[in-house]
Amino acid sequence: MSASDAPAGPDGDPGACTLCELPTEGVDVTDGDGNRFCCTGCRDVYGALGDVDVDADAVRERRRESGDGDDAGGSAGGDRDVPDGHEATFLEVDGMHCATCEAFIETVATDADGVSGASASYVTDTVRIDHDPDAVTIDDLTETVSGLGYSAYARDDAFSRRQANNMATARLAAGVLVGMAVMLQYIVLIYPTYFAFPFYNERTLAYLNEAMASTSGTYFFIVIGVLTTIVLFFTGKPILRGAYVSAKTRSPNMDLLVAIAAVSAYLYSTLAVIFVESPSIYYDVTVAIVVIVTVGNHYEDSVKDRATELLSEVTAVQIDDARRLTADGETETVAVAALEAGDRLLVRAGERIAVDGEAVDGDAAVDESVVTGESLPVRKVAGDAVVGGSVVTDGSLTVAVGPDATSSLDRVAELVYDLQSGNHGVQKLADRLATVFVPAVLVIAAVAAGASLALGGTPTDAMLVGLTVLIVSCPCALGLATPLAVAAGIRDALERNIVVFDDTVFERIRDADTVVFDKTGTLTTGEMRLVDRAVDDDLLRLAAALESRSAHPVGQAVAAARAGLDGEGAALDESNRDGATPAVADGGAEAVDAPADDGDAPAVDSFESHARGVVGVVDGVEVVVGHPDLFDERGWTVPDEIREAVASARDVGRVPVAVGRDGAAEGFVVVGDELREGWEETVTALDESGVEVIVLTGDDERAATVFADHDAVSSVFAGVPPEGKAEAVGRLKERGVTVMVGDGTNDAPALAAADLGIALGGGTAMAADAADVAIVDDELGSVATVFELARAAGRRVKGNIGWAFCYNAVAIPLAATGLLNPLFAAVAMGASSLLVVTNSSRALLSDD
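Calculation rules
Residues numbered from 1 in each chain as written. Predicted model: local features only at pLDDT ≥ 70, side-chain atom pairs only at ≥ 80, totals over all residues. Heavy atoms only, no water. Helix = DSSP H or I, 4+ residues; strand = E, 2+ residues; numbered from the N terminus. Buried < 20%, exposed > 50% of the residue type's maximum accessible area, 1.4 Å probe, protein only. Contact = heavy atoms within 4.5 Å. Areas by Shrake-Rupley, 256 points an atom, 1.4 Å probe, with all protein chains shown as cover. Patch = residues over 30% accessible without salt bridge, like charges linked within 9 Å, V, L, I, M, F, W, Y side chains within 5 Å. Salt bridge = Lys/Arg side-chain N within 4 Å of Asp/Glu carboxyl O. Phe/Tyr/Trp six-rings, centres within 6.5 Å; stacked < 30°, edge-to-face > 60°. Pairing = 2+ DSSP bridges. Axes fitted to C-alpha atoms, helices over the stretch in contact; angles between N-to-C directions. Lys, Arg positive; Asp, Glu negative; His and termini not counted. Charge placed at Lys NZ, Arg CZ, Asp CG, Glu CD. Parallel < 35°, antiparallel > 145°, perpendicular 65-115°, else oblique. Left-handed = near helix turned anticlockwise from the far one by under 90°. Nonpolar A, V, L, I, M, F, W, Y, C, P; charged D, E, K, R; others polar. Arc of directions from axis to C-beta.

Draft legend 1. A look at the overall build of the protein. Looking only at helices and strands, the protein has 29 helices and 26 strands in total. Put simply, the protein has 848 residues, and 53% of those count as buried. Across the protein, contacts joining residues at least 24 apart in sequence account for 68% of those joining residues at least 6 apart. Accessible surface, the protein: about 35200 Å² in total, of which carbon and sulfur atoms supply 51%.

Written as structure tokens, this is what we have:
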């Protein structure tokens, strides 16, 4: 079939996969409708889900209209049209904490010259900006976004991140220390004169009143006003910024209500000091509001920061340098960015292949799991394509750099960043309520003030009534209701070795319809081990000694079996020791008994590694371990029962190898990826709760047989590349809220694309970065715990907000009718906030 005759992919491109848009050159995988795919996995996903029209913008608009906030896992990043010559820059933005911040940052960025588009996410503190590098530099973009207190910097700029953290700490410290100085003056001097404390005698009270009315009293008020100014405009700067952004984007949120109450009390007090002879000042209200909200937000952030420290063992996959061959046959170390198409790279065992290309010399086993998810290494020889980011586990390769000099791993990272920057956050419940509550409070305050004037009150009385309504409306309790309940959830999760990166998790997961599991490293341990054998102990010792010279994971599993490193397991039946087919049809992965290590290791006299196995002489005996084809090539005898047993084991996703000596195969061993403990209980529990369970893997379909046969698993899609996983998740999201559970770099795009991503902590840092939740101890059962914590946090948030609104239903009418003054309103506000804080400090789940 010529290129012109090939079935078309997306947008009529004959060279692109219909599902994931990867190249299909040299691949002949089609469906009955003439669609072309890069692999059978993408074909199967499209066949099951491809009839769904994935329109991210339409989904997001529907969710806005329904009040559910933006799609937390939208694929905006991948769907945008980028003009020719423009490139994408990803910036981390400190200070975003709500959906209105996202809208504002996007507006500011797109207004800059040379910028064609921007997509921000407060969930990941990331903004993607598409721009013309000749018209606007990265420094220009950073300066443009860094306004109104936002701090933008490159994602890898640790110094700027540290500066931002230091500034946040300084704001909190200044607010607490200066606020204490203000409140001390109120407690010692001002409150006694307002409330006539009984423990102050009349003479003392008279002296204080006289002092307050004198010139020195005016100076005293001025000093308090200056200190309050520091608290309001330095500590409260993020709150004021949030209020400004809220007003500018016409999306009222709790920042707006908090700022109005704080600024109103500040302005009233300042005007009173200037124009009233014996003023009543309410700077304490301003200080209390700002400090309480700042401390609450800081508490939430600090819990999350401490949580991330548990992931220190999760290492990132980075390839900065490559070993390039020179014209005279020598090697030189160069930066990956300096590589050009056609350059030849030398990659030795244990090293990563820097970029995509083609093997031109050598013979090696290559582990591509970090990119493809395939659990078994693939043998590569001259002429085979190799992917950047994969690891040479055995042997060495000379690789010719591909035409684009890019890495598949880098493309995965780019896809993750696209999806992250397009992950618009779900609005907090309090903020959604604020769109109604804030305007209502403002209207009530204005009406109450107007009524006071109409009934003969003075302008000062009217201002006090309006101010009291604003203060008593409990902005602190509402503002803290969500973050403190979420912080409690993060804290309780941390105690169970679950790290929550994103505070919207507890809203998004409660209505999950589908949970998608990766296989390798998630439902399985990702570690190769001997799971069955039909060979005597003496021959296994010889085979293990030979395989100890190999770096291939299968060989290492055989070698480990001899040393007893696989632990205790079920002994084989005697019927299996004569070469009969082992009981592996159920896909089980229990380790088998290894021969005892008698300390007398066989001597390996010679060793050869081949594409289909290994050959050598051990203790003077010629031994072959590998595929039956390797035995055929050497003219060795392979009994039919061994061939059948090998085929049977391969059909259930295992890796069987024949073992023989002196010209004949005598038995076989089976190596497999061990199933993770508790996987059946986990998928069964999810299925019984009404959640659909799907397995999505880059591995061969035979390796997923055990899952396809399980009643709790509705579908299994195998052989799917990272881009295909992300597309599959996108289609599943059209059917309902979708959760993705994975562990590897190849899972990162799907984790980022899902409404909620859960990464097992044993995976890579890229997977953790893309996920919203990380399970540090690899305990698969913790997935169910995440659901329980989310539901409990939701109940706590609603309880907090319910209390705040009940309180407001009583307090606001009292304030509007003039039955409360600002001081009592401030006390009531503080009591309400204290109740919310106390309620949120309780554990979400019992330890029973």
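Okay, back to it.
Draft legend 2. Structural detail: a nonpolar patch on the surface. Together, L271, I274, F275, V276 and M463 make up an exposed nonpolar region whose accessible area comes to about 510 Å². Residue contributions to the nonpolar patch peak at three residues, all from helix α10 (residues 254-275). Along the chain, I274 turns up in helix α10.

Draft legend 3. Region of the structure containing the environment of P83. Relative to the helices and strands, P83 resides in the loop between α3 (76-79) and β3 (87-94). Under the relative-accessibility criterion, P83 is labelled partly exposed at 35%. Note: C-alpha distance between P83 and G117 (34 residues apart in sequence) is 9.6 Å.

Draft legend 4. The packing of aromatic side chains, seen in detail. Applying the stated criterion to the full structure yields nine aromatic pairs. A ring pair is formed by F220 and F221, whose centres lie 5.9 Å apart and whose planes are at 50 degrees; its orientation type is tilted. F220 sits in the buried class, given a relative accessible area of 18%. Look at Y268 and Y282: their rings are 5.8 Å apart centre to centre, the planes differ by 40 degrees, and that puts the pair in the tilted class. Taken together, the positions of Y268 in helix α10 and Y282 in the loop between α10 and α11 (283-308) put the pair 14 residues apart, joining distant regions of the chain. Relative accessible area serves as the criterion here: at 9%, Y268 is assigned to the buried category. Taking relative accessible area as the criterion, Y282 reaches 5% and is therefore assigned buried.

Draft legend 5. Structural context of the sheet that holds strand β4 (residues 115-121). The strand order β4-β5-β3-β6 describes an open sheet built from four strands, whose pairing is antiparallel. Across the chains shown, the open sheet's two edge strands, defined by having one partner strand only, are β4 and β6 (151-154). Pairwise comparison of adjacent strand axes, ignoring direction, gives a mean angle of 30 degrees for this sheet. Of the pairings in the sheet, the one linking β3 to strand β5 (residues 126-131) comprises six bridges and is antiparallel in character. Bridging from a neighbouring strand, A88 pairs with D130 of β5. Docked against the sheet, helix α5 (residues 138-145) engages β3, β4, β5 and β6, running at close to 35 degrees with respect to β3.

Draft legend 6. Representation of the side chain of D492. Mapped onto the fold, D492 is located in helix α16 (residues 475-495). On the basis of relative accessible area, D492 is assigned to the buried category, the value being 1%. The residues contacting D492, other than those within four sequence positions of it, are L789, A843, L844 and L845.

Draft legend 7. Spatial organisation of a negative patch on the surface. Taken together, E677, E680, E681, D777 and E779 make up a surface patch of like negative charges. Looking at where E680 falls in the secondary structure, it is placed in helix α23 (residues 679-688).

Draft legend 8. Here's a closer look at the packing of α10 against helix α15 (residues 459-472). At a closest axis distance of 9 Å, the pairing of α10 and α15 adopts a crossing angle of 150 degrees. Judged on the interaxial angle alone, α15 and α10 are roughly antiparallel. Seen along the crossing, α10 lies across α15 with a hand that is left-handed. Residue-level contacts link I260, A261, S264, A265 and Y268 of α10 to T460, M463, L464, L467, L470 and I471 of α15. Residue composition of the contact of α10 with α15, by class: nine nonpolar, two polar and no charged.

Draft legend 9. Region of the structure containing α23. Among the residues of α23, W679, T682, V683 and L686 are the ones counted as buried. With its buried residues spanning 90 degrees around the axis, α23 presents them on a single face. Away from its buried face by more than 90 degrees, α23 exposes E681 and E688. Buried residues in α23 make contact with β15 (512-517), α18 (519-523), β21 (664-675), β22 (692-696), α24 (705-708) and α28 (782-816).

Draft legend 10. Looking closely at the pairing of strand β20 (residues 655-661). Counting buried residues in β20 gives seven out of seven residues, a clear majority hidden from the surface. Across the two faces of β20 the burial is the same, with V655, V657, V659 and R661 and P656, A658 and G660 all buried. Relative to β20, strand β19 (residues 621-626) runs antiparallel, the two being bridged by four bridges. Within the sheet, the bridge partner assigned to V623 lies in β20 and is R661. As judged from the seven bridges shared by β20 and β21, these two strands associate in the antiparallel manner. Its bridge partner lying in β21, P656 is registered against V670. Connecting β20 to the antiparallel partner β21 that follows it, the hairpin turn spans two residues, and D662 within it adopts a positive phi of roughly 50 degrees.

Draft legend 11. How the structure looks around the pattern of salt bridges. Applying the stated criterion to the full structure yields 15 salt bridges. Residues R324 and D343 are paired through a salt bridge, measuring 3.1 Å at the closest nitrogen-oxygen approach. A residue pair is termed long-range when its members are at least 10 positions apart, and R324 in strand β7 (residues 321-325) and D343 in the loop between β8 (331-335) and β9 (344-347) qualify at 19 residues. The partner of R533 in a salt bridge is D537, and the shortest N-O contact between them spans 3.1 Å. On the accessibility criterion, R533 (3% relative accessible area) is buried. A single network of salt bridges, built from pairs that share partners, joins D536, D538, R661 and E666.

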